[in-house]
Amino acid sequence: MQDAYRARGLVVLAVDVDIKRQDAERFLAKFQPTFSVEFDPKGELAEQYKVQGMPTGFVIDRRGAVRFTHIGFRPVDRALYEEQLQQVLNE
């Protein structure tokens, strides 16, 4: 979705909480994401955002407010995720 909405201001950022960075590096080498990945082995951001499960996604608006939270990922919900992104990007 970052590729589709980058021009409208969408930024996708993943936060990896693996304690062993080499585990994350192997995963990233295999899947080669096209978005930024930051490492947080202490889980400070997960704690700050009160993450309940993995993966968790947040849609954060231009003012920094969390607008939508998604726990887990189900491909069937892709249309809903995209609708929420468009709503926030249209503001």
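See above for the structure.
Bear in mind the structure is a predicted one, so any value in this text is a computation, not a measurement. (Residues numbered from 1 in each chain as written. Predicted model: local features only at pLDDT ≥ 70, side-chain atom pairs only at ≥ 80, totals over all residues. Heavy atoms only, no water.)

(A) The overall build of the protein, seen in detail. Within the protein one finds four helices and four strands. Each helix and strand of the protein, ordered N terminal to C terminal, gives the series α-β-α-β-α-β-β-α. The principal-axis extents of the C-alpha atoms in the protein amount to approximately 40 × 25 × 25 Å. Taking all 91 residues of the protein together, the buried fraction comes to 22%. Sequence-distant contacts in the protein: of pairs separated by 6 or more residues, those separated by 24 or more amount to 39%. (Helix = DSSP H or I, 4+ residues; strand = E, 2+ residues; numbered from the N terminus. Buried < 20%, exposed > 50% of the residue type's maximum accessible area, 1.4 Å probe, protein only. Contact = heavy atoms within 4.5 Å.)

(B) Representation of the layout of surface pockets within the structure. The space that makes up the largest pocket amounts to roughly 1800 Å³. Tallied by class, residues from the lining of the largest pocket come to 29 nonpolar, eight polar and seven charged. (1 Å grid on protein atoms, 1.4 Å probe; cavity = no way out; pocket = protein on both sides within 12 Å on 5 of 7 lines; lining within 4 Å. Points joined across faces, edges and corners; volume = space filled by probe spheres on them. Nonpolar A, V, L, I, M, F, W, Y, C, P; charged D, E, K, R; others polar.)

(C) Structural view of the pairing of strand 1 (residues 13-16). Direction of pairing for strand 1 relative to strand 2 (residues 36-39): parallel, over a ladder of four bridges. When the sheet's bridge partners are listed, Val15 is paired in strand 2 with Glu38. Taken together, strand 1, helix 2 (residues 21-31) and strand 2 constitute a β-α-β crossover, and its handedness is right-handed. (Pairing = 2+ DSSP bridges. Right-handed = clockwise from strand over helix to strand, strands pointing away.)

(D) Representation of the packing of aromatic side chains. On inspection of all chains with the given rule, the structure shows three aromatic pairs. Ring centres of Phe27 and Phe31 lie 4.6 Å apart, and the angle between their planes is 40 degrees; this geometry places the pair in the tilted category. Residue Phe27 and its partner Phe31 are located together in helix 2, separated by four residues, close to a single helical turn. Aromatic pair Phe73 and Tyr81: ring centres 5.9 Å apart, planes at 40 degrees, arrangement tilted. Taking relative accessible area as the criterion, Tyr81 reaches 12% and is therefore assigned buried. (Phe/Tyr/Trp six-rings, centres within 6.5 Å; stacked < 30°, edge-to-face > 60°.)

(E) Looking closely at unusual backbone geometry. Cis peptide bonds are those with omega within 30 degrees of zero, and the linkage from Met54 to Pro55 qualifies with -5 degrees. Backbone geometry places Gln32, a non-glycine residue, at a positive phi of 45 degrees. Looking at where Gln32 falls in the secondary structure, it is placed in the loop between helix 2 and strand 2. What makes Gln32 exposed here is its relative accessible area of 59%. Notably, Lys50 is not glycine yet its phi reads approximately 55 degrees, a positive angle. Tracing the sequence through the fold places Lys50 in the loop between helix 3 (44-48) and strand 3 (56-60).

(F) Local environment of the environment of Gly72. Position of Gly72 among the secondary structure elements: in the loop between strand 4 (66-71) and helix 4 (78-89). Of the residues examined, Gly72 reaches a relative accessible area of 25% and is grouped as partly exposed. Placed 19 residues apart in sequence, Gly72 and Gly53 show a C-alpha to C-alpha distance of 6.7 Å. Discounting residues that sit within four places of it in the chain, Gly72 has contacts with Pro55 and Tyr81.

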